[in-house]
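Spelled out, the chains give:
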Amino acid sequence: MPRASRTNRLTMPLLAASLLVGGGLSSFTLGQGSAEAAAGAARADVAAKPSDDFNGDGYGDLVVGAPGGTVSGKAEAGYVAVTYGAKNGLDPARKKVISRSTSGVPGTATAKEFFGSTFTKGDLDHDGYADLVIGVGGRSADAGSVVLWGSPAGLTGGTKIATFGRSPMAGDFDGDDTTDLALFAGVPSYGDDGAVQQARLWKGPIARTGTPAKTLDFLDKSQWDRLDNDQHPAPCTEQDCEDGPRSLLGPVVPKAVGDLNGDGYADIAMDRYAGDGEWGSGVLYGSPTGFKRARVPGAPGALAIGDINGDGYDDLVRGDADYPEYNSRAYVSYGSAGGIKEEGQKLDQNMPGVPGVEEEGDLFGRSVAVGDVTGDGYADVAVGAVGEDVGTVADAGSVVLLRGSADGVTGAGAQVFHQNTAGVRGVAEKGDLFGADTALLDVTGDGHADLAASSVEENTRAGAVWSLRGTATGPTATGSVAFGPKDIGAPNLAAQFGSRLR
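Just so you know, these numbers come straight off a predicted model, no measurement behind them. (Residues numbered from 1 in each chain as written. Predicted model: local features only at pLDDT ≥ 70, side-chain atom pairs only at ≥ 80, totals over all residues. Heavy atoms only, no water.)

1. Quick look at the overall build of the chain
Of the regular secondary structure elements, the chain holds three helices and 29 strands. Residues classed as buried in the chain amount to 63% of the 502 residues present. Pairs at least 24 apart in sequence give 58% of the contacts found in the chain among residues at least 6 apart. Taken as a whole, the chain presents about 17,600 Å² of accessible surface, with 50% of it coming from carbon and sulfur. (Helix = DSSP H or I, 4+ residues; strand = E, 2+ residues; numbered from the N terminus. Buried < 20%, exposed > 50% of the residue type's maximum accessible area, 1.4 Å probe, protein only. Contact = heavy atoms within 4.5 Å. Areas by Shrake-Rupley, 256 points an atom, 1.4 Å probe, with all protein chains shown as cover.)

2. What about the environment of G165?
Within the secondary structure, G165 is located in the loop between strand 7 (156-161) and strand 8 (169-171). With a relative accessible area of 1%, G165 lands in the buried category. Along the chain, G165 and T118 lie 47 residues apart, while their C-alpha atoms are 8.6 Å from each other. Apart from residues no more than four positions distant in its own chain, G165 is found in contact with T118, G135, V136, G144, S145 and F184.

3. So, the sheet that holds strand 23 (residues 398-403)
The strands that make up a sheet are held in pairs by hydrogen bonds between backbone atoms, and each pair lies either parallel or antiparallel. Pairing in this open sheet of four strands is antiparallel, and the strands run 21-22-23-24 from one edge to the other. Strands with a single pairing partner mark the edges of an open sheet, and in this sheet they are strand 21 (364-371) and strand 24 (410-417). In this sheet, adjacent strand axes meet at a mean angle of 25° when their direction is disregarded. Of the strand pairs in this sheet, strand 22 (residues 380-385) and strand 23 are connected by five bridges, and their pairing is antiparallel. Bridge pairing in strand 23 links V383 to V400. (Pairing = 2+ DSSP bridges. Axes fitted to C-alpha atoms, helices over the stretch in contact; angles between N-to-C directions.)

4. Focus on the side chain of S99
Relative to the assigned elements, S99 resides in the loop between strand 3 (95-98) and strand 4 (119-122). The contact partners of S99, leaving out residues within four places of it in the chain, are V71, G78, Y79, V105 and F115.

5. Let's talk about the side chain of S281
Relative to the helices and strands, S281 resides in strand 15 (residues 278-285). Among the polar contacts made by the side chain of S281, one reaches the main-chain carbonyl oxygen of A299 at a distance of 2.9 Å. In contact with S281, not counting residues within four places along its chain, are M270, R272, R295, V296, P297, G298, A299, P300 and R318. (Polar contact = N/O pair within 3.5 Å; in protein donor to acceptor, adjacent residues only side chain to side chain.)

6. Considerations on the environment of W466
With respect to the helices, strands and loops of the structure, W466 is situated in strand 27 (residues 464-469). Overall, the relative accessible area of 0% leaves W466 in the buried class. The spatial distance from the C-alpha of W466 to the C-alpha of G426 is 9.9 Å, given a sequence separation of 40 residues. Separated by 2.9 Å, the side chain of W466 and the backbone oxygen of R425 make a polar contact.

7. Brief notes about the packing of aromatic side chains
For the coordinates displayed, the defined rule picks out six aromatic pairs. With centroids separated by 5.0 Å and ring planes inclined at 50°, the aromatic side chains of F218 and F291 adopt a geometry described as tilted. With F218 in the loop between strand 11 (212-216) and helix 1 (221-226) and F291 in the loop between strand 15 and strand 16 (292-296), the pair connects residues that are 73 residues apart, well separated along the chain. On the basis of relative accessibility, which here comes to 1%, the residue F218 falls in the buried class. According to the relative accessible area criterion, F291 is buried, its value standing at 0%. Centroid distance F483 to F497: 6.1 Å. Interplanar angle 70°. Geometry classified as edge-to-face. One end of the pair, F483, is in strand 28 (residues 476-483); the other, F497, is in the loop between strand 28 and strand 29 (500-501), and 14 residues separate them in sequence. Each member of the pair, F483 together with F497, is buried. Aromatic rings pair up to connect F173, F184, F218 and F291 into one cluster. (Phe/Tyr/Trp six-rings, centres within 6.5 Å; stacked < 30°, edge-to-face > 60°.)

8. Some points on the confidence of the model for the chain
Averaged over all residues, the pLDDT of the chain equals 85, while 82% of them reach at least 70. Across residues 1-41, confidence stays below pLDDT 50; counting only partners more than four residues off in sequence or on other chains, it has 169 contacts. Note on residues 228-244: pLDDT under 50 across the span, and 28 contacts to partners over four residues away in sequence or across chains. (pLDDT = per-residue confidence, 0-100.)

9. Description of the pairing of strand 16
Note: strand 15 against strand 16, five bridges, orientation antiparallel. Bridged to Y285 within strand 16 is K292. Connecting the antiparallel pair strand 15 and strand 16 is a turn made up of six residues, with G290 showing a positive phi of about 110°.

10. Digging into the pairing of strand 11
As paired strands, strand 10 (residues 196-206) and strand 11 are joined by four bridges and run antiparallel to one another. Its bridge partner lying in strand 11, K203 is registered against K214.

11. Examining the environment of T211
Along the polypeptide, T211 turns up in the loop between strand 10 and strand 11. In this structure the C-alpha to C-alpha distance between T211 and T159, which are 52 residues apart in sequence, comes to 9.9 Å. Apart from the residues lying within four places of it in its own chain, the contact partners of T211 are P205 and I206.

12. Some remarks on the pattern of salt bridges
Under the counting rule described, the total for this entry stands at 14 salt bridges. Put simply, E113 and R100 hold a salt bridge, and the shortest N to O gap is 2.9 Å. In this pair, E113 is assigned in the loop between strand 3 and strand 4 and R100 in the loop between strand 3 and strand 4, connecting sequence segments 13 residues apart. For the pair E113 and R100, one class covers both residues: buried. (Salt bridge = Lys/Arg side-chain N within 4 Å of Asp/Glu carboxyl O.)

13. Notes on unusual backbone geometry
Residue P205 is reached from G204 by a cis peptide bond, and omega for that bond is 0°. Secondary-structure assignment places P205 in strand 10. Positive phi, close to 60°, is recorded for E76, a residue that is not glycine. Along the chain, E76 turns up in the loop between strand 1 (62-66) and strand 2 (79-83). Despite not being glycine, R461 shows a phi value in the positive range, around 70°.

And the structure:
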């Protein structure tokens, strides 16, 4: 299959975030909204990616995870909030809050399930509306996922996917122009030598009963045959041996989807456990016969995918902020016909043109996102620096927007945003950790990715999200929107609203 053109990308970034701890109080409240999303017909004059649009109106819709939320009296049961896009941006009154206690959603609210820790978007049933698959946190192997289905009225219903609740991933992995679903079970314990992690690859379209068109082999058979001790093999089950490999030998934590080798098959970037407490990075390259595993350079951390240099191959951005030995930097590994290149590009606050100074504890790279803000055909990179001091305010946090170009990421024209930036709602406060997660998606339908950023420490860990509109010159704080759990009528106490953005 010829590689996909840059105008028809497979890229579907799934961004990583950490559940952070600390203080931080906000000075804003926007008021509660209660209206559901209005029905919308597909629009030819707006440009959001179909994978971001649940109601088909041409505007991207933002998904916010609040895994710490108390639901039906169950602490840390968790929930997800969807805010629907519109011409003038996000409006917290146009939303849907989803938990295990939502009517139509299977299951019951369970303490410490962390529902909404992970999720993915894609048109699973091939009806023209994006669907939402919500997973859980922790190491539970049996909590399962839930699918909410897109429609002209927004997300509806709820279908259970049993067992596989950890980091679901949607993408066209077998190259047949339908969205497939990669599913992963939890891992009860890691140990010195790793563990077997169950996985399934569902071929799309997927019926609303939760039935795939077919269950595919997860690993390509040649990959299964070549597994060695370093890759943590285990005897295959009877079904695996007779019907092909159905287990992923891991464990892994999938984080982002895109086409890194330009072959028309979506790939999955992930953290990979190497045993003895050590983690690294890896890629599952898609193909018609199952995934092909590969290691990639670098430590685990936040991951995002997009075509930064406009060459038709998606690129992988990785943040190292959780690992002091890597000095809080982000890195770009560029895609090619052979997959991820060994050599890469380091991103930090010492790049020419980037405002500020690199300092110990900035945690530059705690979150990363990729999307074309300026509309020039090159994806830009948003980097969260949650430990950045704003003036004398310690650990207030900031987000840096770096431009993409034919030569890769450049510091020229870089922008920095925080709660003391003119036009951004709120005030920078100690320990806010602004930039805990970031997302770049077009919620206004104008062809420019808009910047979303979160602080899970805002209002004593209730959390909050900001949305800044994208323009030809980068994000602008003018007319920016900010909202927290109270503004959408959702559980507020220690909700960690914004732990994950998509």
